[in-house]
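Fold and geometry: a report
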Amino acid sequence: MRLWNPAAFFISLMMSMIMAIIFGMFVPSVMGLQGLEPDLCLYMWPLRWVTAYLLINIIIYPIGFGLAEKVFNFNPDRDGMGLWNPAAFFISLMMSFIMAAIFGLPMGLPVDLLFYLWPLRWVTAYLLINIIVYPIGFWLAKRVFGFDPMVQ
């Protein structure tokens, strides 16, 4: 992958805020725990976004697509991006843990919750990416930057 990826730009922009709202603010309040304050969630968004974007482009995409190809014989040109997407399967698996560890642990997320909530974060990220974020991110990449990730 290359360092500038317009689709990843929009996908990381959306996911860095959506996942923080769900798992930094909503889930802790449901569990009776102190979560992120709304202003702190908003202030940290650029840092989460840049971290997610760089992680995805430099490390996670190559590993995720490589694993999808090796484990599921996935070829995005041939198989397309449907509800079952092996690349998103591995990418959401890795990012749902890494981002929570990078930003949650220093802010007081208990280690046991990091692991207990990982499956929930993973499924949420996977469904969000496949149903909402990929289509919007790909559309914005085409519309704003003239970049079609399915042709590259």
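Now for a look at the structure at hand. In this text the structure is predicted, and so the values were computed from the model without any measurement.

Its location among the elements puts S92 in helix α5 (residues 86-104). Polar side-chain contacts of S92 include one of 2.7 Å to the backbone oxygen of A88. A distance of 3.2 Å separates a polar atom in the side chain of S92 from the backbone oxygen of F89. In contact with S92, other than residues within four places in its own chain, are W122, A125, Y126 and I129.

Running from amino to carboxyl end, α5 crosses helix α7 (residues 118-145) at an angle of 125°, the nearest separation of the two axes being 8 Å. One element, α5, and the other, α7, form an angle in the oblique class. Judged by the twist between their axes, the crossing of α5 over α7 is right-handed. Contacts between α5 and α7 involve A88, F89, I91, S92, L93, S96, F97 and A100 from the first element and W118, R121, W122, A125, Y126, I129, N130 and Y134 from the second. Classifying every residue of the contact of α5 with α7 by side-chain character gives twelve nonpolar, three polar and one charged.

The terminal C-alpha atoms of helix α1 (residues 6-30), which comprises 25 residues, lie 35 Å apart, in line with the 36 Å expected from a rise of 1.5 Å per residue. At A20, α1 shows its maximal bend, which comes to roughly 25°. After α1 finishes, the residue G32 shows a positive phi value of roughly 80°.

Here we take up α5. Its 19 residues place the ends of α5 26 Å apart at the C-alpha level, agreeing with the 27 Å of an ideal helix rising 1.5 Å per residue. Looking at where α5 begins, the residue whose side-chain oxygen comes 3.0 Å from the main-chain nitrogen of A87 is N85.

What follows is about the packing of helix α3 (residues 45-72) against α5. Between two packed helices, both the angle of their axes relative to each other and the distance between the axes serve to describe the pair. Here α3 crosses α5 at 145°, and the two axes come no closer than 8 Å. Crossing angle aside, the handedness with which α3 passes α5 is right-handed. In terms of residue class, the contact of α3 with α5 is made up of 23 nonpolar, two polar and one charged.

Once that is clear, we can look at the nonpolar core. What tends to happen in soluble globular proteins is that the nonpolar side chains get buried as a cluster. Formed by 38 residues in total, the largest nonpolar core has its most connected members in I11, M15, Y61, I91, M95 and Y134. Secondary structure elements with two or more residues in this core: α1, α3, α5 and α7. Top element by residues in this core is α1. It accounts for nine residues. Once residues within four sequence positions are removed from consideration, M15 is found in contact with A20, A125, L128, I129 and V133.

Each value, and the rule that gives it
- Along each chain, the written sequence defines residue order, and numbers are assigned to residues from 1.
- Local features are withheld for residues below a pLDDT of 70 in this predicted model, meaning they are given only at 70 or higher, and side-chain atom pairs are given and counted only at 80 or more; totals for whole chains, interfaces and linings count all residues.
- Side-chain measures here rest on the full set of heavy atoms in the structure, leaving out hydrogens and waters.
- Helical segments are the DSSP runs of H or I of at least four residues, strand segments are the runs of E of at least two, and each set is numbered from the N terminus.
- Counted as a polar contact is a pair of N or O atoms within 3.5 Å, where, for protein atoms, one must be capable of donating a hydrogen and the other of accepting one, and residues adjacent in sequence contribute only when both atoms are in side chains.
- Pairs of residues are marked as contacts when any of their non-hydrogen atoms sit within 4.5 Å.
- For every element, the axis is a line fit to its C-alpha atoms; helices are fit only across the contacting stretch, and the angle between N-to-C directions ranges from 0 to 180 degrees.
- If an angle is under 35 degrees, it is roughly parallel; if it is over 145, roughly antiparallel; if it lies from 65 to 115, roughly perpendicular; otherwise it is oblique.
- Note on convention: near helix rotated counterclockwise from far helix by under a right angle means a left-handed crossing. Clockwise means right-handed.
- For this classification, the nonpolar set comprises Ala, Val, Leu, Ile, Met, Phe, Trp, Tyr, Cys and Pro, the charged set comprises Asp, Glu, Lys and Arg, and every other residue, Gly included, is treated as polar.
- Multiplying one less than the number of residues by 1.5 Å gives the expected span of a helix.
- Each residue is assigned a bend, namely the angle between axes fitted to the seven residues that terminate at it and the seven residues that start at it.
- Nine residue types can take part in a nonpolar core, namely buried Ala, Val, Leu, Ile, Met, Phe, Trp, Tyr and Cys, and a core is a set of them joined through side-chain atoms within 4.5 Å.
- The rule is simple: take the accessible area with a 1.4 Å probe, protein chains only, and divide by the maximum for that residue type; under 20% is buried, over 50% is exposed, in between is partly exposed.

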